[in-house]
Amino acid sequence: MKVLYIGYLGFNNVGDDVCYESFVHSINKWSNSVEKVIAYDIKENKGIKHLLSKETINAVVLGGGSLFQGDLFLTLAEEAIELGIPLYSYGTGIDYLTEETVSKYINGEYYEPSTFFNNRKINTNRIKNVVESIKYTGIRGPLTYKFLESLTPVRSSVEVIGDSGFIYSPNFDHYIINNYLNSIQNPLIAINWGTTFNKLFGYNEALLEDQLIESCFYLQSKGYHIVIYPMWDQDIESCWNFYHRLNNKDHVTIIPEVCHASQIYSFLSKCHFSINLKLHANILSAAAYTPFIQFAYRSKGFDFALSVNQEDNTLLPTTSNILETIKEKEVNFSSDRERYANLLKKEKEVYTNKHKAFIERFF
């Protein structure tokens, strides 16, 4: 069997890349029928019919990321359905739900949104048609579930299986520790920073950065070593700007490159806790059993947090008392870190079993 994996690949974005890598790991571990996983080349932007002229495709997987709202991904999904190729989703999600919609979904309401964050145009009819035709819909989290439930009666084939990056368990990679942190003795706190190009709740990235800078001053005063790291090429400049705003450079390190997911995972496993902007920085921290504070800059952050019962450690970027919250979380993580790590470990076991069942059932 040959499987076509569709995702936002090829742009040096660790989040999308780790979803694909985790899928391949899962196939290698649990499948007895897949001989090849083909990564869709988004830069070539060829249709499935074109790919079929070159090699056999027995199944199509809509992979990790917020792909349900993307026109390209929906077009490819529709083409797979039209061609009669079995289509599956593997941790796929929705993003750009408004704060109001998120709040109502969390409170148990469900309705089809008429508007989306930042006036994003999302074709709900196309999503509905794909979900009604897909063989199995494994999705990222409960907000995606609520959204799909608002479009069409949810079938038994729709299941929250979690983000595939959460079950990621690579071999330890010493690259970041050896190259950037080899002589550091103080406890580490990872700070993931970057840019959303101001497409975040509240539309005020600068205010969020100011509050996080203030929090870093506090954490340095407590004896922590701050490590700033990016998850995407376009985050590097923002990380440098963040670094230059911090004092006491003996207690701050910047990782000025986008490292591989296994390197970030391994580094995060050595941190006391992490504070992250980008979704998969939080997901990798959770996968490594390192407590995290997430700035959910859009709804996908809450989708993940709710899936692993970490909404208490997830903040809106419009929060006005970030320093006080981080002070409180630092005390909690320090006094009861093992409990937080064990909660993440239990959640990871649950979702690992779900992914295993999915692979064994269909592949």
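The written sequence of each chain sets the order in which its residues are numbered from 1. The model is predicted, so local features are restricted to residues of pLDDT at least 70 and side-chain atom pairs to those at 80 or more, both for listing and for counting; the totals for chains, interfaces and linings are taken over all residues. Side-chain calculation: all heavy atoms of the structure are included, whereas hydrogens and water are not.

Peer 1: Looking at this model, I keep getting lost on the pairing of strand β5 (residues 136–139). Mind explaining?
Peer 2: A regular strand places its side chains on the two faces of the sheet in alternate fashion. Accessibility here uses a 1.4 Å probe with only protein chains present; expressed as a share of the type maximum, an area under 20% marks a residue as buried, one over 50% as exposed, and anything in between as partly exposed. Only runs of H or I of at least four residues qualify as helices and only runs of E of at least two qualify as strands under DSSP, and these elements are numbered from the N terminus. Across the two faces of β5 the burial is the same, with Tyr-136 and Gly-138 and Thr-137 and Ile-139 all buried. A pair of strands is considered paired only if DSSP assigns at least 2 bridges between the two. As paired strands, β5 and strand β6 (residues 158–160) are joined by three bridges and run parallel to one another. Across the sheet, residue Gly-138 finds its bridge partner in β6, namely Glu-159. Between the parallel pair β5 and β6, the chain is carried across by helix α6 (residues 142–151), and the sense of this crossover is right-handed. Handedness rule for crossovers: strands pointing away from the viewer, path from the first strand over the helix to the second running clockwise, crossover right-handed.

Peer 1: For this particular structure, what's the right way to read the pattern of salt bridges?
Peer 2: Side-chain pairing between opposite charges can occur once the charged atoms of the two side chains come close. Here, a salt bridge means any Lys or Arg side-chain nitrogen found within 4 Å of an Asp or Glu carboxyl oxygen. Scanning all chains against the criterion turns up 15 salt bridges. In this structure, the salt-bridge partner of Glu-55 is Lys-2, at a minimum N-O distance of 3.5 Å. Of this pair, Glu-55 sits in the loop between α2 (48–52) and β3 (59–62) while Lys-2 is found in strand β1 (residues 2–6), placing the two residues 53 residues apart along the sequence. Classification of Glu-55 by relative accessible area gives partly exposed; the value is 23%. Across the pair Asp-303 and Arg-140 runs a salt bridge, and its minimum N-O distance is 3.1 Å. With Asp-303 in helix α12 (residues 299–307) and Arg-140 in the loop between β5 and α6, this residue pair connects regions lying 163 residues apart in the sequence. For the pair shown, Asp-303 and Arg-140 are each scored as buried. In this structure, a network of salt bridges that share partners links the residues Lys-2, Lys-36 and Glu-55.

Peer 1: I tried to follow the nonpolar core on my own but got confused; where do I start?
Peer 2: It is characteristic of soluble globular proteins that their nonpolar side chains tend to be buried jointly. Side-chain atoms within 4.5 Å are what join buried Ala, Val, Leu, Ile, Met, Phe, Trp, Tyr and Cys residues into a set we call a nonpolar core. Of all hydrophobic cores here, the largest spans 95 residues; its most connected members are Ile-127, Phe-267, Leu-284 and Phe-363. Setting aside chain neighbours within four positions, we find Phe-363 in contact with Met-1, Val-3, Ile-27, Ser-31, Asn-32, Ser-33, Val-34, Ala-59, Val-61, Tyr-88 and Phe-358. Counting residues in hydrophobic clusters, the runner-up holds 31 residues, among them Leu-200, Tyr-243, Ile-275 and Phe-295. Throughout, a contact is declared for two residues whenever any of their heavy atoms are within 4.5 Å.

Peer 1: Sorry if this is basic, but what is going on with helix α8 (residues 205–221) here?
Peer 2: Given 3.6 residues to a turn, an α-helix orients residues that are three or four positions apart in the same direction. Here the expected span of a helix is defined as 1.5 Å times the quantity of residues minus one. Over its 17 residues, α8 runs 25 Å from end to end, which matches the ideal 24 Å to within 8%, given 1.5 Å per residue. In the stretch just after α8, Gly-223 is the one whose phi turns positive, near 100°.

Peer 1: I tried to follow the sheet that holds strand β9 (residues 252–254) on my own but got confused; where do I start?
Peer 2: Paired through their backbone hydrogen bonds, the strands of a sheet run either parallel or antiparallel. Strands sit in the order β9-β8-β7-β10-β11-β12 across an open sheet of six strands; the sheet is parallel. Two strands close off the open sheet at either side, each with one partner strand: β9 and β12 (314–315).

Peer 1: Honestly, the sheet that holds strand β2 (residues 36–39) in this entry has me stumped. Any pointers?
Peer 2: Pairing within the open sheet is parallel, and its six strands lie in the order β2-β1-β3-β4-β5-β6. In the strand order of this sheet, the two ends are held by β2 and β6, each with one partner. Sheet twist, expressed as the mean angle between neighbouring strand axes with direction ignored, is 20°. Where β1 lies against β3, four bridges are found, and the strand directions are parallel. Across the sheet, Tyr-5 pairs through a bridge with Val-61, a residue of β3. Running over the sheet, helix α14 (residues 337–362) touches β4 (87–92), β5 and β6 and is turned about 170° from β4. Axis lines are fitted to C-alpha atoms, over the contacting stretch for helices. Their N-to-C directions set the angle, which ranges from 0 to 180 degrees.

Peer 1: Quick question: what am I supposed to make of the packing of aromatic side chains here?
Peer 2: Pairing of aromatic rings covers Phe, Tyr and Trp, the last through its six-membered ring, and needs centres within 6.5 Å; plane angles under 30 degrees mean stacked, over 60 mean edge-to-face, and all others mean tilted. Taken as a whole and judged by the stated rule, the model has 29 aromatic pairs. Geometrically, the ring pair formed by Tyr-136 and Phe-358 is tilted, given 5.1 Å between the ring centres and 35° between the ring planes. Highlighted residues: Tyr-136 in strand β5 and Phe-358 in helix α14, separated in sequence by 222 residues. Residue Phe-358 is classed as buried on the basis of its relative accessible area of 2%. Between the aromatic rings of Phe-333 and Tyr-340, the centroid separation amounts to 4.9 Å while the plane-to-plane angle is 90°, which identifies the pairing as edge-to-face. Within the aromatic cluster, the residues linked to one another by ring pairs are Tyr-5, Tyr-20, Phe-23, Tyr-88, Tyr-90, Tyr-136, Phe-358, Phe-362 and Phe-363. Put simply, a charge is over a ring when the Lys NZ or the Arg CZ is close to the ring centre, within 6 Å, and near the line of the ring normal, within 35 degrees. Its guanidinium or amino end placed over the ring of Tyr-243, Lys-249 lies 5.0 Å from that ring's centre, counting from NZ or CZ. A cation over an aromatic ring shows up here: Lys-327 above the ring of Tyr-218, its NZ or CZ 5.1 Å from the ring centre.

Peer 1: I keep staring at the environment of Leu-277 and nothing clicks. Help me out?
Peer 2: Take Leu-277: it is sitting in the loop between β10 (273–276) and α11 (279–287). Exposure remark for Leu-277: the relative accessible area of 2% places this residue in the buried category. Once residues lying within four places of it in the same chain are set aside, the contact partners of Leu-277 are Asn-192, Trp-193, Gly-194, Thr-195, Thr-196, Leu-208, Asn-282, Phe-295 and Tyr-297.

Peer 1: Sorry, what's going on with the packing of helix α5 (residues 124–133) against α6 here?
Peer 2: Two numbers describe how α5 lies on α6: the axes approach to 10 Å, and their chain directions differ by 95°. Judged by the inter-axis angle, α5 sits roughly perpendicular to α6. Contacts from Thr-124, Ile-127, Lys-128 and Val-131 in α5 reach Phe-147, Leu-148 and Leu-151 in α6. When residues are sorted by character, Ala, Val, Leu, Ile, Met, Phe, Trp, Tyr, Cys and Pro go into the nonpolar class, Asp, Glu, Lys and Arg into the charged class, and all the rest, Gly among them, into the polar class. In terms of residue class, the contact of α5 with α6 is built from five nonpolar, one polar and one charged. Any angle that falls under 35 degrees is termed roughly parallel, while one over 145 is termed roughly antiparallel, one within 65 to 115 roughly perpendicular, and all others oblique.

Peer 1: I'm lost on unusual backbone geometry in this one. Help?
Peer 2: Glycine aside, negative phi is the norm for most residues, and most peptide bonds take the trans geometry. For Asn-45, which is not glycine, the phi torsion reads 55° and is therefore positive. Counting through the fold element by element, Asn-45 comes out in the loop between β2 and α2. Positive phi is not limited to glycine here, since Asn-248 has a value of about 55°. Mapped onto the secondary structure, Asn-248 falls in the loop between α9 (236–245) and β9.

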